[in-house]
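In case you want the letters, here they are:
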Amino acid sequence: MNAAQASVPKNPSESEEISLRLEIDRSARVPVLFAFACAIFWLLAGSLLGLASAWKLTCPWLLDGIPWLTFGRLRPAHLCAVAYGWASLSGIGAGLWMTARLCRIPTIEPRLITVSICLWNLGLTTGLLGILTGGGNSREWLEMPGYASHILIAAFLLLAGWMLAMFFKRAPVAPYISEYYLLAALLWFPWIYATANMLLVWRPVPGPAQPAVHWWFAQNFYSLWIVPLGLASAFYLIPKILGVPLHSKRLASLGFWSLAALAAWSTGQHMIGGPLPSWMAPAATAAGILSLVPVATVAANLHLTMRGHFDKLLTSPSLRFTVFGAVAYTATALPGTLLALPSFNAVAHFTDFTIGHSHLGMYAFFSMVMFGAIYFIAPRLTGGEWPSAPLIRWHFRLSASGIVLMVMALSLGGLLQGLALADPDAAFKTSVAFASPFRWIRGLAGFLLLAGHVLFAWHFVRMLVSPLRGQAIPTLLTGSDARDPAIP
Amino acid sequence: MRGPTVTLFALTTVFFAGWAGIVGYSSLVLGHLRSIPDEETGNFLPPGASGLAIEGQRIFVANGCVYCHSQQVRQSPLTTDLQKELGLRATVPRDYLRFPAAFPGTMRTGPDLTNVGLRKPDANWHHRHLYEPRVVTPWSIMPAFRHLYDLRLIQGQTSQIAVLGLSGPHAPAAGFEVVPTGEALALVAYLLSLQQNYPLPDAPLPAAK
């Protein structure tokens, strides 16, 4: 039995099925669209913060001498805005809708979920203001001050509680792989976040123990929160859009459990050769190589599902974004494994290479998958189609070209920078000089991304205000049946 | 999923393994490292930091210095950190007992600071550099931290703690002086205290040549 069939009812008539879906979409409408709207707001804010930090490394005189705009505050604000604002909220929105659809029950207490999203936004706003005014704690991915993380945890527990209730009330059909990823993310995120806050922010453990706890947190924030949300969406949407079952349920299961087992052990790869217990770095090297297993299973499974349907990439916006993201997920694993090898890490660590790697994972993979999810889900909630195919096309072009340019520039520049840093005969100045031209390119790529986000945000607002109603088919990218109204 | 109970149990177990292995081990073993008495001097190793330096670490954190500056000397021969004279020996976990928070860092956009107090022992150098980095190092891309300094009219004679040797567009006009605030004094005390020139049992200093 193939897994995607789990989302197809055993017997009930077509009309019952359709009315159930309509009921689910109606129940999820407000919280999911609200989560998406907030996510897109934070995407814009995060892009601006990121762009400003990027250009400050190129033109240090830019906005210089203003305390709340200093690089060391803008950069963590950028990271938190995109990680906790854009990534988490878009993932929560898509996850909420997928949970309702896969559990085959309408959202329980949608108003309470909306309240928890409000609370999350409050926590995040407080945290970002805290960072910009000098209250941050300078721990990557965890920068927001303790008072903000309390609010975020309360918001998440409220949300996770109600989503968990849906899993307990779900209809008795075989579970689909996306449900495992979503359930795991709901359970793991509060555990990861509360542990890190407890041991590093609220009541810090002594200094020697902090680095391992911190990098355990940062590694797991990505591997066990961001990745499950992204893969849940990719595994849901690709078969759904193609109208075919997922290639293999067993392969999907292997990928899921191997990811779950390996993630924590990659902690040491962020400190290879540094002050950690001697076993942690080798363990991370082993975990880094083994982590090719979950990645390979996902890649093979999705590729074999796609086989014979690649022409649909030309027409479906959701599919094009999602498949770009899924391919980038595989691409993220390769530098990830390289960074786990001590000899490579010794050169590439401490450089822009790691920044490129983060953007590969957070943007080329996760954000692109989330764009795909929003393009797919929003029409089902607003009751109309996306108003403009050209806007979607341009969003894809800008985002895809921007992130490819950015990652290539940072990877190449980072390697040169790393070679200079490692060369006993090179002065420090050389590493700055080597990285500099690539930082210009990265800054320009940032403008491409921002432009794509502005188009996307504008399109989303139009989608909320005046979606195209009465159109029989979705807004497609190309093809004779695609509507293609000019940008007004 | 006949109800998610079994799945939740499996998810908890698999997560717990990594959590106990990394977080539990670190908190229990590394969290109980203590400083040790130095038989020669009777002091403790690693040496404690002054209250002003500890306050300075707070300023270091508030301004996000760690995003560009690491504080760890990695092992040889895997890395060339020792050849590049970032320190006399590799950093070990016990070194992080000196301050309430440990910031090994992940970037060397700027130089490593493990031993900046040994390399740059002059407080006025740090004040000049923090006030306007490009006056000291023309190619530097470090932000200026002028908000940690006060521009004052000179009353009588120049203040003893006034920053000397400033030039460039932000240098004080005639009759004015730049004076570090308490935050700048603490930050510089912190930077000057960053010196890893003491031995530890697990990290002896190399024999003098």
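Residues numbered from 1 in each chain as written. Chains lettered and ligands numbered in written order. Predicted model: local features only at pLDDT ≥ 70, side-chain atom pairs only at ≥ 80, totals over all residues. Heavy atoms only, no water.

A. Examining empty space enclosed by the protein more closely. Residue and element names in this part refer to chain B. Under the counting rule described, the total for this entry stands at 8 cavities of 30 Å³ or more. In this structure, the second largest cavity spans a volume of roughly 170 Å³. Around the second largest cavity, the lining comprises 15 residues; the ones closest to its centre are Gln-71, Asp-95, Tyr-96, Phe-99 and Leu-194. Tallied by class, residues from the lining of the second largest cavity come to 8 nonpolar, 5 polar and 2 charged. (1 Å grid on protein atoms, 1.4 Å probe; cavity = no way out; pocket = protein on both sides within 12 Å on 5 of 7 lines; lining within 4 Å. Points joined across faces, edges and corners; volume = space filled by probe spheres on them. Nonpolar A, V, L, I, M, F, W, Y, C, P; charged D, E, K, R; others polar.)

B. Structural detail: the environment of A:Ala281. Residues and elements named next belong to chain A. With respect to the helices, strands and loops of the structure, Ala-281 is situated in helix α8 (residues 280–290). Separated by 60 residues in sequence, Ala-281 and Leu-341 place their C-alpha atoms 9.4 Å apart. With near-sequence residues (within four places) excluded, Ala-281 lies in contact with Gly-268 and Ile-272. (Helix = DSSP H or I, 4+ residues; strand = E, 2+ residues; numbered from the N terminus. Contact = heavy atoms within 4.5 Å.)

C. Summary view of helix α1 (residues 5–29) of chain B. All names here are of chain B. Under the 1.5 Å per step criterion, the end-to-end length of α1 is 33 Å for 25 residues, consistent within 8% with the ideal 36 Å. The largest bend in α1 amounts to roughly 35 degrees and is located at Ala-20. Thr-7, Leu-8, Leu-11, Val-14, Phe-15, Gly-18, Gly-21, Ile-22, Val-23, Ser-26 and Ser-27 are the residues of α1 that are buried. (Expected span 1.5 Å × (residues − 1). Bend = angle between axes of the 7 residues up to and from the residue. Buried < 20%, exposed > 50% of the residue type's maximum accessible area, 1.4 Å probe, protein only.)

D. Structural detail: the interface of chain B and chain A. Chain B puts 67 residues into the contact, and the matching count from chain A is 84 residues. For the chain B and chain A pair, buried surface summed over both sides reaches about 6,500 Å², with 70% attributable to carbon and sulfur atoms. Linking chain B with chain A are 1 salt bridge. The salt bridge partner of A:Asp64 is B:Arg134, with a shortest N-O separation of 3.3 Å. At the surface where chain B touches chain A, the tally comes to 22 residue pairs in polar contact (both at pLDDT 80 or more). In terms of residues, the side of chain B that touches chain A owes the most to one element, α1(B), which gives 18 residues. (Buried area = accessible area lost by both parts, 1.4 Å probe. Salt bridge = Lys/Arg side-chain N within 4 Å of Asp/Glu carboxyl O. Polar contact = N/O pair within 3.5 Å; in protein donor to acceptor, adjacent residues only side chain to side chain.)

E. Structural detail: a nonpolar patch on the surface. Residue and element names in this part refer to chain A. Residues Trp-458, Val-461, Leu-464 and Val-465 make up a contiguous nonpolar surface patch of roughly 390 Å² in combined accessible area. One can find Val-461 in helix α14 (residues 428–465). Classification of Val-461 as partly exposed rests on a relative accessible area of 42%. (Patch = residues over 30% accessible without salt bridge, like charges linked within 9 Å, V, L, I, M, F, W, Y side chains within 5 Å. Areas by Shrake-Rupley, 256 points an atom, 1.4 Å probe, with all protein chains shown as cover.)

F. Looking closely at the packing of helix α6 (residues 210–242) of chain A against helix α7 (residues 249–262) of chain A. Residues and elements named next belong to chain A. Here α6 crosses α7 at 170 degrees, and the two axes come no closer than 11 Å. It follows that α6 is roughly antiparallel to α7 by the angle criterion. Taking contact as the criterion, the partners of Ser-223, Leu-224, Val-227 and Phe-235 in α6 are, on α7, Ala-252, Leu-259 and Ala-260. When the residues that make up the contact of α6 with α7 are grouped by side-chain class, the tally is 6 nonpolar, 1 polar and no charged. (Axes fitted to C-alpha atoms, helices over the stretch in contact; angles between N-to-C directions. Parallel < 35°, antiparallel > 145°, perpendicular 65-115°, else oblique.)

G. Inspection of the packing of aromatic side chains at higher detail. One pass over the structure, following the stated rule, counts 45 aromatic pairs over all chains. Look at A:Trp279 and B:Tyr25: their rings are 5.1 Å apart centre to centre, the planes differ by 80 degrees, and that puts the pair in the edge-to-face class. Separated into two different chains, A:Trp279 in the loop between α7 and α8 and B:Tyr25 in helix α1 make up a pair that spans both. With a centroid separation of 5.6 Å and 45 degrees between ring planes, the pair formed by B:Phe16 and B:Trp19 is classed as tilted. Taken as a pair, B:Phe16 and B:Trp19 lie in helix α1 at a separation of 3 residues, close to a single helical turn. Chaining the aromatic ring pairs together yields one cluster made of A:Tyr180, A:Tyr181, A:Trp188, A:Trp191, A:Trp216, A:Phe235, A:Phe256, A:Trp257, B:Phe15, B:Phe16 and B:Trp19. Directly above the ring of A:Trp394 sits A:Arg397, whose terminal nitrogen or CZ lies 4.8 Å from the centroid. (Phe/Tyr/Trp six-rings, centres within 6.5 Å; stacked < 30°, edge-to-face > 60°. Lys NZ or Arg CZ within 6 Å of the ring centre and 35° of its normal.)

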